[in-house]
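Survey of secondary and tertiary structure
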Amino acid sequence: ICCLLLGGLVLSSCGLMASCEKTDHVIDGIEYTRIPEGIMAMIDDPAITQASPLAEFDGEPVVKVDFWDGTDLEELHLPSSVRELSIKNCPSLRLLELNDGLLELSSLSGLPALTELTIPASVRKVGTFYNNENGTGGLTVYYEGSVEQMMNMEFSVVGGFGSCKALYVDGELFTDPVVPDGVSAIPAFTFTNMMQLKSITLPSSVTNIGEEAFSGCRALTDIYYQSTTLNWDMIGKGHAWNSNNL
């Protein structure tokens, strides 16, 4: 390393000498890097076929898995410590085992070989989860939570489960759901482009329907609201909440 001495301060080609200390470590093709929340696991070798990140590295929990461009990756098993997953462009991935305790699916795309995925009830946020020619269009999702828990999730504009081939919620095909009483809001983008949705029943407790919540639901013909027309008109409705003009 080329170093310079300036006014008693030792500098190297990468800045202060202390900042050059490498904290990344590679084990079985997985690189472990410190982040503020703990440890992040990343693909270091695109040719690995099976990956099971450690639950703990150097005394800190592995809380995030960020696997992109794993050319040959066929199986990924998450440890119980992981709270956030981002996985993209892994064309050979056919088995993705998520852990109870996972909170966020920040990116899930470019997985054409993946046909089934079980999502634990612990998940609270779904980010990029979309369908394209190398995306998730052939994916059947089994969400282990209830309809009520689903209404407490956060979806991004390219999130939601609408790009899936089929969605099962608590073991039942999600075609004519009944939202339980007590739910106050339908989150933005919850049902966007969900082709299998035919009808939905909303309780009188709903006071807000988020942006594009039912946009692109071409099979949806009926929304049943369990209260009066006056109360329905008072519900806050986000932009393009119903592009189908039901």
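To start, this report covers the structure provided alongside it. Along every chain, residues carry numbers that run from 1 in the direction the sequence is written. The predicted nature of this model means local features are confined to residues of pLDDT at least 70 and side-chain atom pairs, given and counted, to a pLDDT of 80 or more, with totals for whole chains, interfaces and linings taken over all residues. Side-chain measures here rest on the full set of heavy atoms in the structure, leaving out hydrogens and waters.

1. Some remarks on the sheet that holds strand S12 (residues 95-97)
What counts here: Here, a strand pair is defined by DSSP locating no fewer than two bridges between the strands. Numbered from the N terminus, helices here are DSSP runs of H or I no shorter than four residues, and strands are runs of E no shorter than two.
Ordered in space as S7-S10-S12, the three strands form an open sheet in which the pairing is parallel. Of all the strands in the sheet, just strand S7 (50-51) and S12 have a single pairing partner and so form its edges.

2. Some remarks on the pairing of strand S13 (residues 104-109)
What counts is decided by this rule: Under the scheme applied here, a residue whose accessible area is under 20% of the maximum for its type counts as buried, over 50% as exposed, and between as partly exposed, the area being computed with a 1.4 Å probe on protein chains only.
The buried fraction of S13 amounts to six of the six residues, a majority that puts the element mostly inside the structure. Of the strand pairs in this sheet, strand S11 (residues 84-88) and S13 are connected by five bridges, and their pairing is parallel. Its bridge partner being in S13, Glu-84 is matched across the sheet by Glu-104. Sheet topology places S13 next to strand S15 (residues 125-128); three bridges connect them, and they run parallel. When the bridges of S15 are listed, Glu-104 appears paired with Lys-125.

3. Here's the deal with the pattern of salt bridges
Which entries qualify depends on this criterion: By definition here, a salt bridge exists when the distance from a side-chain nitrogen of Lys or Arg to a carboxyl oxygen of Asp or Glu is within 4 Å.
Under the definition given, this model contains five salt bridges. A salt bridge links Glu-60 to Arg-34, with the nearest nitrogen and oxygen atoms 2.9 Å apart. Placement of the pair is Glu-60 in strand S9 (residues 60-68) and Arg-34 in strand S5 (residues 30-35), with a sequence separation of 26 residues. The exposure class of Arg-34 is partly exposed, given its relative accessible area of 32%. Measuring nitrogen to oxygen at the nearest pair gives 3.9 Å for the salt bridge that ties Arg-94 to Glu-74. With a gap of 20 residues between them, Arg-94 in the loop between S11 and S12 and Glu-74 in the loop between S9 and strand S10 (75-77) connect regions that are remote in the sequence. Of the residues examined, Glu-74 reaches a relative accessible area of 31% and is grouped as partly exposed. Sharing partners across several salt bridges, the network here consists of Arg-34, Asp-58 and Glu-60.

4. Some points on unusual backbone geometry
Trans is the common state for peptide bonds, and a negative phi is the common state for residues other than glycine. In this structure, Asp-58 is a non-glycine residue whose phi angle is positive, near 55 degrees. Structurally, the position occupied by Asp-58 is in the loop between strand S8 (56-57) and S9. The residue Glu-212 is not glycine, and still its phi comes out positive at about 55 degrees. By the secondary structure assignment, Glu-212 is in the loop between strand S22 (208-209) and strand S23 (222-225).

5. Points about the sheet that holds strand S18 (residues 166-169)
If you walk across this open sheet you meet the four strands as S14-S16-S18-S19, and the pairing is mixed. The open sheet terminates on both sides in strands that have one partner only, identified here as strand S14 (116-119) and strand S19 (172-173). In this structure, S14 lies alongside strand S16 (residues 140-143), joined through four bridges in parallel fashion. Bridged to Ile-119 within S16 is Tyr-143.

6. Describing the side chain of Ser-205
Which entries qualify depends on this criterion: Under this definition, polar contacts are N or O atom pairs within 3.5 Å; protein pairs additionally need one hydrogen-donor-capable and one acceptor-capable atom, and for neighbouring residues in sequence, both atoms have to be side-chain atoms. A contact between two residues is defined here by any heavy atoms of the two lying within 4.5 Å.
Among the structural elements, Ser-205 can be located in the loop between strand S21 (199-202) and S22. Engagement of the side chain of Ser-205 in a polar contact is seen with the side chain of Asp-181, the distance being 3.4 Å. Only 2.8 Å separates the side chain of Ser-205 from the backbone oxygen of Val-183, close enough to count as a polar contact. Contact partners of Ser-205, with chain neighbours within four places excluded, come to Pro-180, Asp-181, Gly-182, Val-183 and Ser-184.

Purely geometric numbers; function is a separate question.
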